[in-house]
Amino acid sequence: MDTLKFILSIYWNKCRINLIVLIFLNFINSLIPIISIHLFQKLIEEIMNFMQDDGSLKMLIFIFTLQIISNIIPFIGNHILNINDQIIDNKLSLETTSSMLQKVKSLDYLDFENPSFYDSFQRVSSNTSNIIESVNHLIGLISNLISAISVLVYLLTINWIVVFIIILGIVPYTLTSIKFNRRNFSLINELMPATRKEQYFINLLTNRNTLKEIILFNAFNFLELNWKKQFLLLAEKKLNFIKTKSKTLFSAELIILLTFTLSGLVIIIDFKNSNMAADLVATIQSIQLFQTNLNNIAKSYSDFKGTLIFIEDYMKFIHINPRNEVKLNKIEKLHRLEVKNLWFRYPHNNFDTLKGISFHINPGKKIAIVGENGSGKTTLIKCIAGLYSKENLPIFINGIPIKEVDIESLQDRMSVLFQDFISYELTVRENIGISSSSNMDDNIRLQNVAEKVNLLEIINKLPNRFDSLLGRYFEGGNELSGGQWQKIALGRALFRESDLIILDEPTAALDPVSEKEILEDILNECDKSIIIVTHRLGVASLADEILVMKDGQIVESGTHNELLSLNGEYKKMYESQSHWYNLQKGVLI
């Protein structure tokens, strides 16, 4: 009942006029068949009377005209319904997809680290159309019910046994359909991990960014075989389900055919000694219509129940608790960020990624975080940025526990660039300005940022400068090199008005000269707090403080010179890179 209320409330709030039109036209369509049968009966009677010189030509023409009108009305109604259905589809698709996206926005990023969550999300996102279909099935159910009742009243005046036989015959079909709809939902749940894996291989084999490596490593056949394996697994399971369903439903349909045969025999026996051919034709047509109505009722009810299962799944997703429901502290300005003995473990992992991390950053301070791959640097950044805010992490913003902070307001005061940044297939303006969309049209600000990351000269060479489309996904796009894309991403981070800039390997794709020029400018002239995650110690040497991470812990901290004097982990890393200083003096590594 709650599911039905949810569906109808969406319809009523978003497209009530269209819902009324839908109900009205389906009501009209449900009455047309029985009216047509009666008109056909009268038409036969009038034709026979006219042939025997007992009928009126005017009456014959009048009934024939009504018969034509009864055939035209459904055509007109169906065209209006098609337009009305498309309007409903547009409105509800917008509403359901928007609601789903808003829910995604409100969820904690940690949810997306969980494969089982992805299974649920994939299932929900691919079945939002069930809300529209459910109402169509419900209205179809009611329409066929009205039509069936109107025919039922007529048949009861002829022979009640016929009605009983037909109703009895439809019961197995109805129960079987409902059972297989439930099995279908269970099968989708069961196959979702394999479905996601199959889609993953397809994306790998058709994505421009992944294809170049796949082709060069001659890995296409290997990945295609993996895709085919998943596809055949899914295909076999689906085919077996359809075979079982078809065999069972065919048995139920044979019972329906048997009941129709029995009903016809009963009617023929009843009319054996009658000369009322028109009544016999009308009765047989009514039996066919009644049986069709009952079949449609069974199918509509079964399909309706089937869609409800998916909608309940959608409702569960939409009503997942968001990151926080209590009143939280908004951050107008980020003055101090402090981490106190932070431990962190990813869902379903049996080991800690971060172990006892503690440090703080004040306004204007520049911190570099260095360490080998897998030492926990990026995970620490995600924690600081509030992506894992539903966890009770010992992170304090202006002295307030992050659990009590409005995360959106905190993230408004941060600008974060991850090493796996996005190359948006949009214009230069949109690529840079997306971090502060309200200032996207500020050309002076865009130019200043582009100049700061050494990108202005390249942009000026593009056909439409800041309004030039980037990438190759759309017609007219301009491809950039890896280093140029990284400059775009770095510009995006600097374009935002923030108190803290977090850069995760911000210059990995840049040449050493560009890196030196850009980072020296940012670190020396920027008055904002900055955290740089890097493996290049030349970059780290420019920071006020360096944190050295290993196996999820901060094993050393201090300035560049202080850490060198410790003769510890940092010095080992420095010495392993020191030859670059000799080869390219003055260039950061």
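Numbering of residues starts from 1 in each chain and follows the order in which that chain's sequence is written. Residue-level local features of this predicted model are given only where pLDDT is at least 70; pairs of side-chain atoms are given and counted only at 80 or more, and the full residue set underlies all totals for whole chains, interfaces and linings. To get the side-chain values, all heavy atoms of the structure are used, and hydrogens and water are removed first.

A. Looking closely at the overall build of the chain. Regarding its fold elements, the chain presents 19 helices and ten strands. A principal-axis box enclosing the C-alpha atoms of the chain has dimensions of 120 × 55 × 50 Å. Using a 1.4 Å probe on the protein chains alone, a residue whose accessible area is under 20% of its type maximum counts as buried, one over 50% counts as exposed, and one in between counts as partly exposed. The 589 residues of the chain split such that 45% are buried. Throughout, a contact is declared for two residues whenever any of their heavy atoms are within 4.5 Å. For the chain, contacts bridging at least 24 residues in sequence account for 75% of all contacts bridging at least 6. When the accessible surface of the chain is totalled, it reaches about 31000 Å², and 58% of it is carbon and sulfur. For the chain, the distance from the average position of its 58 positive side-chain charges to the average position of its 62 negative side-chain charges is 3 Å. The helix and strand labels rest on DSSP assignments: H or I over at least four residues marks a helix, E over at least two residues marks a strand, and numbering proceeds from the N terminus. Only the protein chains shown count as cover for residues, with accessible areas throughout obtained via the Shrake-Rupley method and a probe of 1.4 Å. In this tally, Asp and Glu contribute negative charge and Lys and Arg positive charge; neither His nor the terminal groups of the chain are included. Lys charges are placed at NZ, Arg charges at CZ, Asp charges at CG and Glu charges at CD.

B. Seen up close, the packing of aromatic side chains. Think of it this way: a Phe, Tyr or Trp ring, Trp meaning its six-membered ring, pairs with another when their centres are within 6.5 Å, and the plane angle makes it stacked under 30 degrees, edge-to-face over 60, tilted otherwise. Summed over the entire model, instances satisfying the criterion amount to eight aromatic pairs. Ring geometry for Y473 and F474: centres 4.9 Å apart, planes at 90°, overall edge-to-face. Judged by relative accessible area, Y473 falls into the exposed class, the value being 65%. Since its relative accessible area comes to 46%, F474 is described here as partly exposed. Here a set of aromatic residues connected by ring pairs shows up, and it is made of F344, Y346 and Y388. Criterion for a charge above a ring: Arg CZ or Lys NZ at most 6 Å from the ring centre, at most 35 degrees from the ring normal. Lying over the aromatic face of F495, R445 brings its terminal NZ or CZ to 4.7 Å of the ring centre.

C. Spatial organisation of the pattern of salt bridges. Salt bridges are counted wherever a side-chain nitrogen of Lys or Arg sits within 4 Å of a carboxyl oxygen of Asp or Glu. This model, assessed by the stated rule, comprises 13 salt bridges. Of the charged contacts in the structure, one is a salt bridge between R445 and E497, with a shortest N-O distance of 3.9 Å. A residue pair is termed long-range when its members are at least 10 positions apart, and R445 in helix α12 (residues 443-452) and E497 in the loop between α14 (482-495) and β7 (500-504) qualify at 52 residues. On the basis of relative accessibility, which here comes to 18%, the residue R445 falls in the buried class.

D. Examining the pairing of strand β1 (residues 337-344) more closely. Note on pairing: DSSP must find at least two bridges between two strands before they are called paired. Bridge count between β1 and strand β2 (residues 354-361): five bridges; the pairing is antiparallel. Following the sheet pairing, L342 is matched in β2 by I357.

E. The arrangement of the side chain of K487 in detail. Topologically, K487 is positioned in helix α14. Residue classification places K487 among the buried positions, given a relative accessible area of 10%. A 3.5 Å cut-off defines polar contacts: any pair of N or O atoms within that distance qualifies, except that in protein one atom must be a possible hydrogen donor and the other a possible acceptor, and neighbouring residues in sequence count only when both atoms are side-chain atoms. Within the local environment of K487, its side chain forms a polar contact with the backbone oxygen of N454, the two atoms lying 3.5 Å apart.

F. View of the packing of helix α3 (residues 115-125) against helix α5 (residues 160-206). It is at 9 Å that the axes of α3 and α5 come closest, and there the two elements cross at 110°. Relative to α5, the element α3 is oriented roughly perpendicular. Of α5, the residues touching α3 (which contributes P115, Y118, D119, Q122 and R123) are F185, I188, N189, M192, P193, R196 and Q199. Among the residues making up the contact of α3 with α5, the classes are represented as six nonpolar, three polar and three charged. The convention used is that axes are lines fitted to C-alpha atoms, helices contributing only their stretch in contact, and that angles between N-to-C directions extend from 0 to 180 degrees. The cut-offs work like this: below 35 degrees is roughly parallel, past 145 is roughly antiparallel, 65 to 115 is roughly perpendicular, and the gaps in between are oblique. Polar here means any residue outside two lists: the nonpolar Ala, Val, Leu, Ile, Met, Phe, Trp, Tyr, Cys and Pro, and the charged Asp, Glu, Lys and Arg; Gly therefore counts as polar.

G. Just the sheet that holds strand β8 (residues 529-534), in detail. Taken together, the six strands give an open sheet; going across it, the order is β6-β7-β8-β3-β9-β10, and neighbouring strands pair in mixed fashion. Across the chains shown, the open sheet's two edge strands, defined by having one partner strand only, are β6 (414-417) and β10 (553-558). In this sheet, neighbouring strand axes are inclined to one another by 15° on average, regardless of whether the strands run parallel or antiparallel. Where strand β3 (residues 366-371) meets strand β9 (residues 545-550), five bridges bridge the pair, whose relative direction is parallel. Considered in β9, the bridge of A368 is made with I546.

H. Fine view of the sheet that holds strand β5 (residues 400-401). The sheet built from four strands is open, its strands ordered β2-β1-β4-β5 with antiparallel pairing. Of all the strands in the sheet, the pair left with one neighbour each is β2 and β5. Note that β1 and strand β4 (residues 395-397) share three bridges and pair antiparallel. In the strand pairing of β4, L337 is matched with I397.

I. Structural context of unusual backbone geometry. Phi is positive for N341, close to 55°, though the residue is something other than glycine. Inspection of the secondary structure puts N341 in strand β1.

J. Just the nonpolar core, in detail. One finds Y11, F290 and F317 to be the most contacted residues of the largest nonpolar core, which totals 51 residues. Mapped onto this core, the elements with two or more residues apiece are α1 (2-51), α2 (57-106), α3, α4 (130-158), α5, α7 (220-270) and α8 (277-318). When residues no more than four places from it in sequence are discounted, the contact partners of F290 are A148, V151, L152, L155, V163, I166 and I167. Here, nonpolar core refers to any group of buried Ala, Val, Leu, Ile, Met, Phe, Trp, Tyr and Cys residues whose side-chain atoms link them within 4.5 Å. Grouped together as the second largest cluster of nonpolar side chains are 34 residues, I367, I407, I502 and I531 included.

K. Geometry of a nonpolar patch on the surface. Only residues above 30% relative accessible area that lack a salt bridge enter a patch, with like-charged residues linked at up to 9 Å and the nonpolar side chains Val, Leu, Ile, Met, Phe, Trp and Tyr linked at up to 5 Å. A cluster of nonpolar side chains, contributed by F64, I68, I72, F75, I76 and I80, occupies part of the molecular surface with about 570 Å² of accessible area. Topologically, F75 is positioned in helix α2. You can call F75 exposed: its relative accessible area is 57%.

L. Here's a closer look at α14. Here α14 is 14 residues long and its end C-alpha atoms lie 20 Å apart, about the 20 Å a rise of 1.5 Å per residue gives. Of all the 14 residues making up α14, twelve are buried; the element is thus mostly covered by neighbouring parts of the structure. Those residues of α14 lying buried are G483, W485, Q486, K487, I488, A489, L490, G491, R492, A493, L494 and F495. Helices are assigned an expected span. That span is 1.5 Å times one less than the residue count.

M. Examining the side chain of K382 more closely. Mapped onto the elements of the fold, K382 is located in helix α9 (residues 377-384). Owing to a relative accessible area of 15%, K382 belongs among the buried residues under this scheme. Excluding anything up to four places from it in sequence, K382 contacts Y109, E113, Y346, L387, Y388 and F418.

N. Region of interest: the environment of I202. On the secondary structure map, I202 appears in helix α5. Exposure remark for I202: the relative accessible area of 32% places this residue in the partly exposed category. Considering only alpha carbons, one finds I202 and W227, 25 residues apart in sequence, at a separation of 6.8 Å.

O. How the structure looks around the confidence of the model for the chain. In the predicted model, the chain carries a mean pLDDT of 82, and the fraction of residues at 70 or more is 92%. In the model, residues 582-589 has pLDDT below 50 throughout and makes 21 contacts with residues more than four positions away in sequence or in other chains. Across the chain, each position has a pLDDT score giving the predictor's confidence in that residue, from 0 to 100.

P. Representation of the environment of I501 in the model. Here I501 is to be found in strand β7. Given the relative accessible area of 1%, I501 is considered buried. In this structure the C-alpha to C-alpha distance between I501 and I532, which are 31 residues apart in sequence, comes to 8.3 Å. For I501, the contacting residues outside a window of four places in its chain are S415, L494, C526, K528, S529, I530 and I531.

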